[in-house]
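Listed below are the residues making up each chain.
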Amino acid sequence: MVQLSTFTSLLIPLSMASTATAAAMFNPRQQSANSTTASTRKLIVGAPGQILAYDYDGTTFANTANSSSAGTAPSWMLFKEPNLLYAVDENSNTTRLYEYSPLNNSLSSEPVSVGEGSAGVVSLAFNKDQTILIGASYSDGQVDVWDISSPDGSLKLVKQIPLEGTLGPAPQQTVHRAHQAVLDPTGQFFAVADLGGDAIHIINASSWEISNVVYVDSGAGPRHGAYIGGNSSSPATHYAVACEIKNLIILWEVDMTGGNLNLTNPQTLSTFGDAFQPQNATTAAAGELIAASNSKDIYVTNRLTGNGNFTDNISHFVVEDGKLSFADQISTDGINPRQLSFSLDESIVFGVNQGGSTGLFAFNRCSKQGTLSLTASLSNTAEAVTALTGPQFVQEIPVS
């Protein structure tokens, strides 16, 4: 994780209280030939000091709600239907619960529940029945286990699982750094990417104990990952992870025999295609990795590359016959693209740049080739570009 200072100015101004005000900041793009007309989508966006709601109609973003809290960093959120929104604050040791109704664009101005756990939690995940919330702590190198089974969804800390083992050689690897916990499709195991320990820790989702540890290349720094294939009754075929420090993507085969989850036969590639190397390999840092449900398409963000026109990019990889290969690369029209997410139907890839000319963006995704076409973006202000204060998270929210 590239360390950034606590920001005071915001990419998406607090003054955007109406659609009319926001419209001046829209930078719509012509839809690609493979796009389809869809109804309005509801988005939740996390930015320094703010949680924001947006409507997206396929060409423009309209701000519909804003909950502000100076000094916080809601850089990851999870929504539990019908109206519970869990948010990290990576600037403190709290995980927070808000009430959010996408149906009427109602977002509570203050959290309705606050739990004190590990410092610097940077991602969240549910267990299979959404009665447990898992938080990955970058600062404390452990995993928080929250009971959220009460009717009001309030947070009750039941366990903290420290990551142990050797540490990597890089300057940011002086402690273990849990960056993301991902539940396998059967709901039995979480894979926790440990940037500090160059490892993937497997946590049993019943006993809440570490059942396996798989190590990556020394100094690689695994950050975010995803399972490929599988469903509630069938294991995933593969697990992939993006490594921040060495800019690697690693693909393993998944083996769930013997009552454990094992990762075998790793294949490692650069997150950059041969023709798309970063101008500044020292600062370049892989960020997000997401995998489509077609068991084929994987997308990885490349941040702080130093490339021309002040932009970073997304690399598209494909898995065919169990092998990973580079497909193409596309600019994010900004810098430091921290996070990506699919729309609910996977026809769109949403993302955020923490700096540069574009903050929030949307790519239409071709269902056959998996290629991305930039369709809409929300511009940064000049002040925000200077301070690298852009958004950190975006996710489409279902409307029930």
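Note: the structure precedes this text.
On a predicted model such as this, the values are computed, not experimentally measured, just so you know. The residue numbers shown here count from 1 along each chain, following its written sequence. The predicted origin of the model limits local features to residues at a pLDDT of at least 70 and limits the giving and counting of side-chain atom pairs to 80 or more, whereas totals for whole chains, interfaces and linings rest on all residues. Side-chain numbers come from the whole structure's heavy atoms, not from hydrogens or water.

## With respect to the nonpolar core
- In plain words, nonpolar cores are sets of buried Ala, Val, Leu, Ile, Met, Phe, Trp, Tyr and Cys residues tied together by side-chain atoms within 4.5 Å. Think of it in three bands: residues with accessible area under 20% of the maximum for their type are buried, residues over 50% are exposed, and the middle band is partly exposed, with areas taken using a 1.4 Å probe on protein chains only. Core analysis: the largest hydrophobic core is formed by 26 residues, its most contacted members being I44, I51, L85, Y86, Y100, L124 and L133.
- Put simply, DSSP marks the helices as runs of H or I at least four residues long and the strands as runs of E at least two long, and each gets a number from the N terminus on. Among the elements of the structure, strand 3 (50–56), strand 5 (77–80), strand 6 (84–88), strand 7 (94–101), strand 10 (121–126) and strand 30 (393–397) are those that each provide at least two residues to this core.
- Ranked by the residues each element gives to this core, the list is headed by strand 6, at 5 residues.
- Excluding anything up to four places from it in sequence, L85 contacts I44, I51, M77, L78, F79, R96, L97, Y98, Y100 and L107.
- The next biggest cluster of nonpolar side chains, apart from the first, holds 21 residues, and it includes F189, A193, V216 and V241. Contacts were defined at the residue level, with two residues in contact if any of their heavy atoms lie within 4.5 Å.

## Details of the pairing of strand 14 (residues 178–183)
- Taken across its 6 residues, strand 14 has 5 buried, putting it largely inside the fold.
- Note on pairing: two strands pair once DSSP finds at least 2 bridges between them. Relative to strand 15 (residues 189–194), strand 14 runs antiparallel, the two being bridged by 5 bridges. Bridging from a neighbouring strand, A178 pairs with D194 of strand 15.
- Between strand 14 and the antiparallel strand that follows it, strand 15, lie 5 residues; G187 among them carries a positive phi value of about 80 degrees.

## Notes on the sheet that holds strand 2 (residues 41–47)
- Across the sheet, which stays open at both edges, the 4 strands sit in the order 4-3-2-30 with antiparallel pairing between neighbours. Either end of the sheet is taken by a strand with one partner, and the two such strands are strand 4 (61–68) and strand 30. For this sheet the average axis-to-axis angle between neighbouring strands, irrespective of direction, equals 25 degrees.
- Note: strand 2 against strand 3, 7 bridges, orientation antiparallel. Opposite L43, over in strand 3, you have Y54 as the bridge partner. Orientation is described by axes fitted as lines to C-alpha atoms, over the contacting stretch for helices, and by angles from 0 to 180 degrees between their N-to-C directions.

## With respect to the environment of S118
- With respect to the helices and strands, S118 occurs in the loop between strand 9 (113–116) and strand 10.
- Given a relative accessible area of 2%, S118 falls into the buried group.
- Linking S118 and G141, residues 23 residues apart in sequence, is a C-alpha distance of 8.6 Å.
- Excluding its chain neighbours within four sequence positions, the residues that come into contact with S118 are S92, N93, S137, D140, Q142, D144 and Q160.
- For the purposes of these results, a polar contact is taken to be a pair of N or O atoms within 3.5 Å, where, inside protein, one atom must be able to donate a hydrogen and its partner to accept one; residues adjacent in sequence count only when each atom of the pair is a side-chain atom. Side-chain polar atoms of S118 contact the side chain of Q142, separated by 2.8 Å.

## Some remarks on the pattern of salt bridges
- What counts as a salt bridge is simple: a side-chain nitrogen of Lys or Arg found within 4 Å of a carboxyl oxygen of Asp or Glu. Under the definition given, this model contains 10 salt bridges.
- Residue D89 is joined to R96 by a salt bridge in which the shortest nitrogen-to-oxygen separation is 3.6 Å. For the pair D89 and R96, one class covers both residues: buried.
- Three or more residues are tied together by salt bridges with common partners; here these are R41, D345 and E396.

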